[in-house]
Amino acid sequence: MVLAWLSGSEDVASLVAKRSYGRAAKLLRAHLERDPGNAAIEIQLADVLSLDGHAPEAVALLLRVADGYARGGFLAKAIAILKKVQRLEPARTAEVE
């Protein structure tokens, strides 16, 4: 959004580009309050949290999303999320596999 700063609204992409990870996380959490369980927003929040140095919180969120995908029968999506977990915390490789 080109004129987002005029309206006072910010978008996550621009905040991440400015490395305002805390504000981006706050915005994503607000989105999740309005739309709980939205896996796309949860994954985006996990990405922002990992960029901000909060890998343990990001991993917990990703594991919950992966579990939801697996229970819903979306195994390929669950595996993709688990690969992200492996990249964030290589020590969990055995647990994830």
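Residues numbered from 1 in each chain as written. Predicted model: local features only at pLDDT ≥ 70, side-chain atom pairs only at ≥ 80, totals over all residues. Heavy atoms only, no water.

I'd like a description of the packing of helix α5 (residues 55-71) against helix α6 (residues 75-88), backed by residues and values.
Following both chains from N to C, one finds α5 and α6 inclined at 165 degrees, their axes separated by 8 Å at the closest point. One element, α5, and the other, α6, form an angle in the roughly antiparallel class. Helix-helix and strand crossings are classified by hand; for α5 and α6 the assignment is left-handed. Across from Ala58, Val59, Leu62, Leu63, Val65, Ala66, Tyr69 and Ala70 in α5, the residues of α6 making contact are Leu75, Lys77, Ala78, Ile81, Leu82, Lys84, Val85 and Leu88. Here the residues of the contact of α5 with α6 are counted per class, giving 14 nonpolar, no polar and two charged. (Axes fitted to C-alpha atoms, helices over the stretch in contact; angles between N-to-C directions. Helix = DSSP H or I, 4+ residues; strand = E, 2+ residues; numbered from the N terminus. Parallel < 35°, antiparallel > 145°, perpendicular 65-115°, else oblique. Left-handed = near helix turned anticlockwise from the far one by under 90°. Contact = heavy atoms within 4.5 Å. Nonpolar A, V, L, I, M, F, W, Y, C, P; charged D, E, K, R; others polar.)

Requested: an account of the environment of Tyr21, with residues and values cited.
Along the polypeptide, Tyr21 turns up in helix α3 (residues 21-34). Looking at Tyr21, the relative accessible area reads 15%, which means it is buried. Counting along the chain gives 30 residues from Tyr21 to Leu51, while the straight-line C-alpha distance between them is 7.1 Å. (Buried < 20%, exposed > 50% of the residue type's maximum accessible area, 1.4 Å probe, protein only.)

Any details on the nonpolar core? Residues and values, ideally.
Grouped together as the largest cluster of nonpolar side chains are 24 residues, with contacts concentrated most on Leu28, Leu45, Val48, Val65, Tyr69 and Ile81. Where this core is concerned, the elements lending two or more residues are α2 (12-17), α3, α4 (39-51), α5 and α6. The residues contacting Ile81, other than those within four sequence positions of it, are Ile43, Leu62, Val65, Ala66 and Tyr69. (Core = buried A, V, L, I, M, F, W, Y, C linked by side-chain atoms within 4.5 Å.)

Talk me through the environment of Ala78; I want residue IDs and the actual numbers.
Tracing the chain through its elements places Ala78 in helix α6. Beyond its immediate stretch of four places on either side in the chain, Ala78 contacts Ala66, Tyr69 and Ala70.

Describe the environment of Ala39, listing the residues and the values that go with them.
Residue placement: Ala39 occurs in helix α4. Note on Ala39: relative accessible area 18%, which makes it buried. Between the C-alpha atom of Ala39 and that of Leu61, which follows or precedes it by 22 residues, the distance is 9.7 Å. Apart from the residues within four sequence positions on either side, Ala39 is in contact with Val65 and Tyr69.

Which residues make up the packing of aromatic side chains, and what values do they have?
The full count for this structure, using the stated rule, is one aromatic pair. Consider the rings of Tyr69 and Phe74, whose centres lie 6.4 Å apart with planes at 75 degrees: the pair is edge-to-face. Residue class for Tyr69 comes out buried when judged on its relative accessible area of 16%. Residue classification places Phe74 among the partly exposed residues on the basis of a relative accessible area of 47%. A cation over an aromatic ring shows up here: Lys77 above the ring of Phe74, its NZ or CZ 5.5 Å from the ring centre. (Phe/Tyr/Trp six-rings, centres within 6.5 Å; stacked < 30°, edge-to-face > 60°. Lys NZ or Arg CZ within 6 Å of the ring centre and 35° of its normal.)

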